[in-house]
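# Remarks on the overall topology
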2 protein chains.
Amino acid sequence: MASMAAAFVVKSLTPASNPAHNLIHPPLLPGSLHIRRRLQTTAAAPLRATFAPATASCSLIEPDGGRLVDLVAPEGPARDALRREAARCPQIRLSRIDLEWVHVLSEGWASPLGGFMREAEFLQTLHFNCLRLGDGSVVNMSVPIVLAIDDAQKRAIGDRRRVALVDARDRPVAILSESAPMFHSIDMLTKMVYSWPCYSIEIYKHNKEERIARTWGTTAPGLPYVQEAIAKAGNWLIGGDLEVIERVKYNDGLDQYRLSPGELRAEFARRNADAVFAFQLRNPVHNGHALLMTDTRRRLLEMGYKNPVLLLHPLGGYTKADDVPLSWRMKQHEKVLEDGVLNPETTVVAIFPSPMHYAGPTEVQWHAKSRINAGANFYIVGRDPAGMSHPVEKRDLYDADHGKKVLSMAPGLQKLNILPFKVAAYDKTQKKMAFFDPSRPDDFLFISGTKMRTLAKNRENPPDGFMCPGGWKVLVDYYDSVAPPEANKLREPVPA
Amino acid sequence: MASMAAAFVVKSLTPASNPAHNLIHPPLLPGSLHIRRRLQTTAAAPLRATFAPATASCSLIEPDGGRLVDLVAPEGPARDALRREAARCPQIRLSRIDLEWVHVLSEGWASPLGGFMREAEFLQTLHFNCLRLGDGSVVNMSVPIVLAIDDAQKRAIGDRRRVALVDARDRPVAILSESAPMFHSIDMLTKMVYSWPCYSIEIYKHNKEERIARTWGTTAPGLPYVQEAIAKAGNWLIGGDLEVIERVKYNDGLDQYRLSPGELRAEFARRNADAVFAFQLRNPVHNGHALLMTDTRRRLLEMGYKNPVLLLHPLGGYTKADDVPLSWRMKQHEKVLEDGVLNPETTVVAIFPSPMHYAGPTEVQWHAKSRINAGANFYIVGRDPAGMSHPVEKRDLYDADHGKKVLSMAPGLQKLNILPFKVAAYDKTQKKMAFFDPSRPDDFLFISGTKMRTLAKNRENPPDGFMCPGGWKVLVDYYDSVAPPEANKLREPVPA
């Protein structure tokens, strides 16, 4: 069975050899460059958080709050001054997940949020999954974007008004600060309504149990994000505005895929997209996914759109240990495009920098909301989005239909068109992935993510037509790289 | 010490001997009677849920959804027909708490909700603490109002379209049904927006863990409402519209205090109230509460209102075992009015029929929202509203300030004026309850609810001026009735 997969050569994922790179041209995005140049010459906002205007040349959906947040300081003296200042401030060392959130915030994925949440934003997120803005409008915000500190850090910060955030090697990343008056004048309309002052740095209690219960709907031990980022975190949260010193990079060979919402908007404008449909994923793409994406484009054309563009948008932040790592997923997505399963002309592949919560109906709102900020006005939602098995009980953590139901009713997402996932399965009569036909259920084979991963681990092949062979080979290679096959190794049982 | 308390005679709580009854005249409420008469003669709505119009003679706050829901069938043939029909339907026997919710729904406290929640309403409540209506507006709804059934009941109901709800003695209380076309025509504007049909009876999964986690922010064992109403409940929830056969009564001598929102509105109109401020409580009233209520009226007069009326609104449904029972609380409130601590001319005492969740910031929204429906446009919120001790950890379950913060930001409550509670404590220099003066903290004594209850249990007296003597005597009598004092009985330690 492995021979089929072996017939395909995996190319290395370098810009020179990667045809998928034709899909996106970070250095050549005219709108994006324009935006950044504008920032550099805007006298009123050399140091503070600023807004990149939504691209005007194309009628993309408006970002939440009306303007896309951009927290990265412009290159030059201002940036250098921030870097020098960081050395004199109390410092908080960021975990990898913290850094991913700085990345998310810095580029405006969470617009209009301008930094780590203060308590009023945290409470609104936990209780209402949305934030009310100064003009009375509501934007969706379902997962807390918070920074935890411990007692010693709290003491060290004291009543200082500016705090430096540094990476694992103590290099300054950002300054967390109160809002300066200059910032106010730009931002007044998009600030929250509070009955108490909200513009200073805030340190408030990190009630982990309540945060977990309200975000995940369970407090069972074993939730991956909780274990990774909450359980051992400090008992305080610190909120405030961010001034990010430079664009967050990971130097893992994938940074060129990490397009900001502003860059994506510019790319959609360049392509004259009149509809953008986003597909969030954290798994390899199989032909069922591809069928769905192709079919969605067909439906949008039927609705009268002239040029619907797909944003194929794998999640690039923290994922749990048994998910396929980002670099291998990107290789796999590349193969899917190379093999012509998806049309490069109408597809943009980019990495969504957010970490994964696995918080089901709560998290799917974040996945949708952030894509509004990137210019998507259609969002494809699958069965059990952001779901996983219950960590201690033998069942799925969430009802498989709750994600799409909650999404369709979520405050602040009314302007987004939700496209529920049609069920695709392997049609044994056609030997390909097809939309499930309930009139002949026995003709269909359902291949879950777990089953797919187990087959690849065992170097077994799925039925022909399940995934393009090049893509499958990447998966098999990944599992080989983790645990090379042994002649007599027992195969894992493949779930039915 | 008990002699002071013994100097006051406790009168029985009968209408004839109870001066507090002058505050409210259920049989004489002209607006209320008018409404009920109107229902009886409205040809278009003899059987279905109908709306009582908000009283027109006074500019009270508009009920949620624009019209006050009234689900009680008018007396006469229609009611008799419902009762006969109930005998032929599959039946669900209601627990005491279920019956309390039928009561709540029937009178429009949860307007515009017209019955037990279907899944879309349940999900919106859990995730967003609000419901979006057909016209795009939003009403607050923070606690699930749901009816649980078990597997056998689900089977018995099958695909029947109408189900009878019966009380503990199998007397029919209501019919749970799909919405009839007639109902639609009245209700179209206040129905939720769904992307799937929503008007039939719905039976859906009761994920208890998720419900508990999202409502309480914890799943720790020992939450009173969970133990009483959820833990042993069935694994399904049934949602649908309600037609309630007659007004829910408990025949406990307190029904005359159970004024519906429509009756309260009529009473406020009769008094020409131009502001109504609600005070929710589940504890005896002490002079600190009274000070606050009197001071609130003073502030409202200063703001230009001519006739602010207080709705003193003790919660009358399920409470936990160590709370003072409703009948004793009502006796105590009666004494407070008799003793002139509150002015009967500007106070309406009535019972709020809802059961208590002890769900802190989530529940306080329900307490506020339901009072909008009863005509209150000001809501007094205290420290740690609807809070309690964590059931397994040595701390309060909720941050004491979160209730008022969450309330001030809650969707659908913008039209309600939130009045945060000033801290009152016993001023030893003045020998009375006074607003705490932080410049001389040592002059003040804080007497918590737990401390108050322990003193009363021990037949000890609080300092003079903490509570009117008649009210204190009721408390002592209550604890005597539970465990009569013994000569040598050890006193419980009074918390500091």
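Residues numbered from 1 in each chain as written. Chains lettered and ligands numbered in written order. Predicted model: local features only at pLDDT ≥ 70, side-chain atom pairs only at ≥ 80, totals over all residues. Heavy atoms only, no water.

## Some points on the overall build of chain A
Here is the rule we go by: Each helix corresponds to a stretch of at least 4 residues labelled H or I by DSSP, and each strand to a stretch of at least 2 residues labelled E; elements are numbered beginning at the N terminus. A simple rule labels every residue: compare its accessible area, found with a 1.4 Å probe on the protein chains alone, to the largest value its type can have, and call it buried under 20%, exposed over 50%, or partly exposed in between. Here a residue-residue contact requires only that any non-hydrogen atoms of the pair lie within 4.5 Å. The method behind every accessible area is Shrake-Rupley, applied with a 1.4 Å probe, and residues are considered shielded solely by the protein chains displayed.
If you tally the helices and strands in chain A, you get 16 helices and 19 strands. For chain A, the proportion of its 496 residues judged to be buried stands at 60%. Excluding contacts between residues fewer than 6 apart, the proportion of contacts in chain A whose partners are at least 24 apart in sequence is 76%. For chain A, the accessible area works out to roughly 19200 Å², and carbon and sulfur atoms hold 53% of it.

## Observations concerning the relation of the copies chain A and chain B
Mapping between the two copies of the chain is achieved by a rotation about an axis and a shift along the axis. Using the following cut-off: Overlaid copies result from least-squares superposition on C-alpha atoms, with residues included only where pLDDT is at least 70 in both.
With an RMSD of 0.1 Å, the fit of chain A onto chain B corresponds to turning through 180° and sliding 0.0 Å along the axis. The superposition operator between the copies reduces to a two-fold rotation axis. An overlap of 100% is found between the interface residues of chain A and their copies at the interface of chain B, pointing to a shared contact surface.

## Points about the sheet that holds strand 19 (residues 444–445) of chain A
All names here are of chain A. Condition: If DSSP finds at least two bridges between two strands, the strands pair. Only the stretch in contact is used when fitting a helix axis, every axis being a line fitted to C-alpha atoms; angles between N-to-C directions are given from 0 to 180 degrees.
On the basis of which strands lie adjacent, the open sheet formed by three strands has the order 18-17-19 and antiparallel pairing. With one partner strand each, in any of the chains shown, strand 18 (432–435) and strand 19 form the two edges of the open sheet. Sitting on the sheet, helix 11 (residues 287–302) touches strand 17 (424–427) and strand 18, and the angle it makes with strand 18 is about 45°.

## Focus: the interface of chain A and chain B
Quoted interface sizes are often the accessible area lost when the parts come together. For the record, the criterion: As a working definition, buried area equals the accessible area (1.4 Å probe) given up by two parts on being put together, with both sides summed. Counted as salt bridges are all cases of a side-chain nitrogen of Lys or Arg within 4 Å of a carboxyl oxygen of Asp or Glu. Within 3.5 Å is the distance limit for a polar contact, defined as a pair of N or O atoms, with the added protein rule that one can donate a hydrogen and the other accept it, and that residues adjacent in sequence qualify only through two side-chain atoms.
Facing 41 residues of chain A, the contacting portion of chain B comprises 41 residues. Here chain A and chain B share an interface that buries about 3400 Å² over both sides, 50% of which is from carbon and sulfur atoms. Area buried by chain A at its contact with chain B is led by A:F128, A:R214 and A:M409, which between them contribute 21% of it. B:R395 is the salt-bridge partner of A:E209, the closest N and O atoms lying 3.2 Å from each other. Inspection of the chain A/chain B interface yields 16 residue pairs in polar contact (both at pLDDT 80 or more).

## As for the pairing of strand 9 (residues 172–177) of chain B
Where a strand is regular, its side chains alternate between the two sheet faces. All names here are of chain B. Taken across its six residues, strand 9 has five buried, putting it largely inside the fold. With five bridges connecting them, strand 8 (residues 162–166) and strand 9 associate as antiparallel partners. In the strand pairing of strand 9, V163 is matched with L176. Bridge analysis of strand 9 against strand 11 (residues 236–244) gives four bridges, and the strand direction is antiparallel. Bridge pairing links A174 to V244 in strand 11.

## Focus: helix 15 (residues 449–457) of chain B
Residue and element names in this part refer to chain B. Every buried residue belonging to helix 15 is among K451, M452, R453, T454, L455 and A456, and all of these are buried. On the buried face of helix 15, the contacting elements are helix 16 (469–482). The backbone nitrogen of K451 lies 3.0 Å from a side-chain oxygen of the residue at the head of helix 15, namely S448.

## As for the environment of A:H402
Within the fold, A:H402 resides in helix 14 (residues 402–409). With 272 residues separating them in the primary sequence, A:H402 and A:C130 have C-alpha atoms 18 Å apart. Here A:H402 is in contact with A:P361, B:E119 and B:L123, once residues within four sequence places are set aside.

## Overview of the UniProt feature "domain: ATP-sulfurylase PUA-like" (unreviewed entry) in chain A
Stated formally: UniProt positions are given in the numbering used here, feature names are shortened, and annotations may be inferred rather than shown by experiment.
Within this numbering scheme, the UniProt entry marks residues 61–180 and 202–247 of chain A as carrying the feature "domain: ATP-sulfurylase PUA-like" (unreviewed entry). When the span residues 202–247 of chain A is considered, its composition is 35% helix and 28% strand, and the gap between its end C-alpha atoms is 25 Å.

## What about the packing of helix 13 (residues 360–373) of chain A against helix 14 of chain A?
Residues and elements named next belong to chain A. Definition in use: Our angle categories are set so that under 35 degrees counts as roughly parallel, over 145 as roughly antiparallel, 65 to 115 as roughly perpendicular, and the remainder as oblique. Left-handed describes a crossing in which the near helix is turned anticlockwise from the far one by less than a right angle; the clockwise case is right-handed.
Relative orientation of the contacting elements helix 13 and helix 14 amounts to 55°, with a least axis distance of 8 Å. Between helix 13 and helix 14, the angle is such that the two are oblique. Pair helix 13 / helix 14 crosses with right-handed handedness. Of the residues in helix 14, those touching helix 13 at P361, V364, Q365 and A368 are H402, G403, V406 and L407.

## As for the packing of aromatic side chains
Two measures describe an aromatic ring pair: the distance that separates the ring centres and the angle between the ring planes. Residue and element names in this part refer to chain A. Counted only if it meets this: Pairs were defined over the aromatic rings of Phe, Tyr and Trp, the Trp ring being its six-membered one, requiring ring centres within 6.5 Å. Orientation was assigned from the angle between planes: stacked under 30 degrees, edge-to-face over 60, tilted for the rest.
Across all of its chains, the model carries 24 aromatic pairs over all chains by this definition. With a centroid separation of 6.1 Å and 40° between ring planes, the pair formed by F352 and W366 is classed as tilted. One end of the pair, F352, is in the loop between strand 14 (347–349) and helix 13; the other, W366, is in helix 13, with 14 residues separating them in the sequence. Of the two residues, F352 and W366, neither departs from the other in class, the shared state being buried.

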